[in-house]
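Residue strings, one per chain:
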Amino acid sequence: MKRLVLTLAISASALAVGPALGADQADQIMRGQYQAVLGDCAGCHNQPGGKLLAGGLPLETPFGTLVAPNITPDRQTGIGNWTETDFHNAMKTGIGHNGVRLYPAMPYPAYTRMNDRDISDLWAYLTTVEPVSNKVEANQLPFPLNIRLAMLGWNALNFTEEAFKPDPAKSAEWNRGAYIVQGPGHCGTCHTPKSFLGADKDSGFLQGASLQGWFAPDITGNAQSGLGKWSEGDLVRYLKTGVNAHSIASGPMAEAVENSTSKMTDPDLKAVAVYLKSLNPDAGNEQPAKPDEARMATGEAIYRDNCSACHGGDGAGAGKLFPALAGNSIVAQGNSETLARVVLAGSQAVHTTHAPTTPAMPSLAWRLKDQEIADVLTYVRGSWGNDAAAVSSGDVAAVRKQLLP
C-alpha cells in the first residue's frame, strides 16, 4: 500500500507536466487494484502475517502441494523481470515468463475470459506493489507431475483460450455478473466438480465440488441444494458481509468474502446475484431414501443435547449469530464433507466491515464419536424440509482422519 501511495503521489506530480498522462496512470492503477480484488489475488498469494502478494501459501491439491509464488515486482524472486506481455500470456494462455507452463491451480482457465484492458490494469497495479524478496519453491508436486511440460497435454485436453462472449439476449447487468463469475472471480475453480485430471466438468458448472477438505456448495439456482431459496438481496448481503439469514461464511469462503467479495462494489455484487440466480433454476434433486427411524430418533436426542441451544429445537437458528438449519441448502448438499468438518473441527465466522461480530462453532470431536456425528447429521439433513441423504460413520471417519491424522 505504501508503494501504491508513492506511485499515486508521483502520478499526481506528473500532472504539472502531463495532466492527461498522470491522471490516466492513476486511474489505471486504481482500476487494477480493483481487478486484484475481483480476482482475490490475496487469497492465494498472501501468506498469513506475510507481505502483500509475496507468496508462500501452500495450496493442497489432489495431486500434491503447490505453493503460491511471489507476484511482487522483486527482480530476483518475484515478477520484476516479467514484461506486460509475459503477464498477459500467463493470464490468457497459462504460459508465463520464459515459456514456463503454469498449473491450473493458477486459474488461467477462468482468467482467459478476462478482457485485455482488465489484464493491463491489473498489471499496472502489480508494478506498484512493494517489491518483496521472498524466494518460493512453487512446484512441490511429486514426480512425474512436477514436470511442467505435462501441462502441454493437459491444456490440449482441457483448456481453450477464449474471451468472454456477452449474451445479447441478456441484460448488461446479467452479462456483467457472468463476466465476473466466469472470469476474474473464477468461481468455478472451487464450485465446479472436477474430472480425474482436475479439469472442470462443464456439465456440472457451479454445482459443487470437494476442495481442501471442504465441499464448495452448489451455487446455481437449484431450489434444493443451490441458491433457489435465496433472494438476490440475500446473496448480495452474504457476499458483502459474510452472513445472511441462511448461512455464515466459514472456511475457504470466509477468506474469499474477507479479501474479495466484501470489497466489491454494490453494482457488481448485484450483477453476480442476478447471474447466479438465473442458473439451473428448475433442476430438482433426486429424492434420497428416507432415513432409518431409529437413527433419526438417536440423532434427534444428540441434536437436542448438543445443538439446539444455538440452532433451536426447530432448526430455526438465531439470526446472524447462528444460521438456520431448516431449509438450508448447505445442509442439503449431496456431499456432507463440510458439515462433518464443522462438527469435528468447529468454525469461526468471517470478519467484515459490515459484520464485525464473528460467532464461532466449537469443535465436538472430543465429545462425539463418528457414529454419533453421523446420526446427528442424518437427523439434521432429514428434518425441516432438508430431505438430504443419510450420513455414514465412514464418511465422518474419513474427515476425522484428514483433520486429525
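Residues numbered from 1 in each chain as written. Predicted model: local features only at pLDDT ≥ 70, side-chain atom pairs only at ≥ 80, totals over all residues. Heavy atoms only, no water.

- Going by the annotation in an unreviewed UniProt entry, the name recorded for the protein chain is Alcohol dehydrogenase, with Mesorhizobium sanjuanii given as the source organism.
- Quoted verbatim from the Subcellular location (unreviewed entry) field of UniProt, the annotation for the protein chain is "Cell membrane". (UniProt positions renumbered as here; feature names shortened; annotations may be inferred.)

## Notes on the sheet that holds strand β3 (residues 139-140)
- Taken together, three strands build an open sheet; the order of strands is β1-β2-β3 and the sheet is antiparallel. Where the open sheet ends on each side, the last strands, each with one partner, are β1 (58-61) and β3. (Pairing = 2+ DSSP bridges. Helix = DSSP H or I, 4+ residues; strand = E, 2+ residues; numbered from the N terminus.)

## Quick word on the pattern of salt bridges
- According to the stated counting rule, one finds 13 salt bridges in the structure shown.
- R31 serves as the salt-bridge partner of D121, at 2.8 Å between the closest nitrogen and oxygen. A residue pair is termed long-range when its members are at least 10 positions apart, and D121 in helix α6 (residues 116-126) and R31 in helix α2 (residues 19-38) qualify at 90 residues.
- Look at D121 and you get buried, because its relative accessible area is 2%.
- Where E300 meets R304, a salt bridge forms, and the shortest distance between an N and an O atom there is 3.2 Å. Taken together, the positions of E300 and R304, both in helix α13 (residues 293-306) and four residues apart, correspond to about one turn of that helix.
- Classification of R304 by relative accessible area gives partly exposed; the value is 45%.
- What emerges from the salt-bridge pattern is a single network uniting R31, R117 and D121. (Salt bridge = Lys/Arg side-chain N within 4 Å of Asp/Glu carboxyl O. Buried < 20%, exposed > 50% of the residue type's maximum accessible area, 1.4 Å probe, protein only.)

## What about the pairing of strand β2 (residues 64-67)?
- By the bridge criterion, four bridges tie β1 to β2 in an arrangement that is antiparallel. Its bridge partner being in β2, T61 is matched across the sheet by G64.
- Here β1 hands over to β2 after two residues, the two strands then running antiparallel side by side.

## Re the UniProt feature "binding site: heme c 2" (unreviewed entry) in the protein chain
- Under the local residue numbering, the UniProt record ascribes the feature "binding site: heme c 2" (unreviewed entry) to C187, C190 and H191.
- When you line up the elements, C187 lands in the loop between α8 (172-182) and α9 (188-191).
- Judged by its relative accessible area of 11%, H191 is buried.

## Observations regarding the UniProt feature "binding site: heme c 1" (unreviewed entry) in the protein chain
- In the UniProt entry, the feature "binding site: heme c 1" (unreviewed entry) is given for C41, C44 and H45.
- Discounting chain neighbours no more than four positions away, the residues touching C41 are A36, N46 and L53.
- Examined against the element boundaries, C44 turns out to sit in helix α3 (residues 41-45). (Contact = heavy atoms within 4.5 Å.)

## A few points about the environment of D375
- Examined against the element boundaries, D375 turns out to sit in helix α16 (residues 370-381).
- Here D375 falls in the buried class, since its relative accessible area comes to 7%.
- When the C-alpha atoms of D375 and A390 are compared, they prove to be 8.1 Å apart, with 15 residues separating the residues in sequence.
- With residues near it in sequence (within four places) discarded, D375 still touches R295, T298, G299 and I302.

## Let's talk about the nonpolar core
- Ranked by size, the top nonpolar core spans 56 residues in total, and within it F87, L126, M264 and L276 carry the most contacts.
- Residue contributions to this core reach at least three from each of two domains, namely domain 1 (22-158) and domain 2 (172-278).
- Of all hydrophobic cores here, the second largest spans 22 residues; its members include M296, I302, A374 and Y379. (Core = buried A, V, L, I, M, F, W, Y, C linked by side-chain atoms within 4.5 Å. Domains from an automatic or database assignment.)

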